[in-house]
Amino acid sequence: MALRNKKPEMLHKIEMEVGHEKEMTEVLKKSLVDWKLTCAQLEKDSKELMEEDNEWKTKFLAQSDQNKYLEKQIHELQGRVKELKQAIKNGHIPGLTPGATPVDQGIADSDSPHPNPSKSTVSLSNADLKKMISKMSREKYNLESELREYEWRLDQESKTFYKVNEKKK
């Protein structure tokens, strides 16, 4: 008789546990649906951001191109300075016909803002040649400074770009 009294209690307890499990299953199913919707929305937002052609991305790409161009210019100028230094050490400058004067060769005077290093000036004094090298060195320094400034600006703009993207998320 004690077993009969326990059966309805056990049956009631099992039914309650099954009911609780069903509730938990429903809650988990709803949670799973919510998470799937959230993931789908995040993926959609991510694709939209990647496809979006915004101002910061454009600025970043333009600045990168400009930096590459300036780096190329710096390397060319460094090469020109090395060539001039080597020519001065060797006592001749390539591009000048032997026996010709700088005027015959169409070479501008040493006071021009951009002397042409490929055209040589045998008749120029060492002081004039040093002056030309000094001008080119200053030009190189100025270009390097400009490149550093552009790199700094690019860095600042890229930081802002990523901050804006993070805020959008």
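All values derive from a computational prediction rather than experimental measurement. (Residues numbered from 1 in each chain as written. Predicted model: local features only at pLDDT ≥ 70, side-chain atom pairs only at ≥ 80, totals over all residues. Heavy atoms only, no water.)

A. Summary view of the overall build of the protein. Scanning the protein from N- to C-terminus turns up 3 helices and 0 strands. Helices (α) and strands (β) of the protein occur, in sequence order from the N terminus, as α-α-α. For the protein, buried positions account for 21% of its 169 residues. Taking all contacts inside the protein whose residues are at least 6 apart in sequence as the whole, residues at least 24 apart take part in 70%. (Helix = DSSP H or I, 4+ residues; strand = E, 2+ residues; numbered from the N terminus. Buried < 20%, exposed > 50% of the residue type's maximum accessible area, 1.4 Å probe, protein only. Contact = heavy atoms within 4.5 Å.)

B. Summary view of the pattern of salt bridges. This structure, assessed with the given rule, holds 4 salt bridges. Among the ionic pairs, Glu144 bridges to Lys140, the shortest N-O distance being 4.0 Å. One end of the pair is Glu144 and the other is Lys140, both in helix α3 (residues 126-168) and 4 residues apart, which spans about a single turn. Take Lys140: its relative accessible area is 24%, and that puts it in the partly exposed class. Close ionic contact of Asp155 with Lys159 constitutes a salt bridge, the shortest N to O distance being 3.5 Å. With Asp155 and Lys159 both in helix α3 and 4 residues apart, the pair spans about one turn of that helix. Looking at Lys159, the relative accessible area reads 44%, which means it is partly exposed. (Salt bridge = Lys/Arg side-chain N within 4 Å of Asp/Glu carboxyl O.)

C. A look at the side chain of Asn67. Relative to the helices and strands, Asn67 is located in helix α2 (residues 55-90). Excluding residues that lie within four positions of it along the chain, Asn67 makes contacts with Leu147, Tyr150, Glu151 and Leu154.

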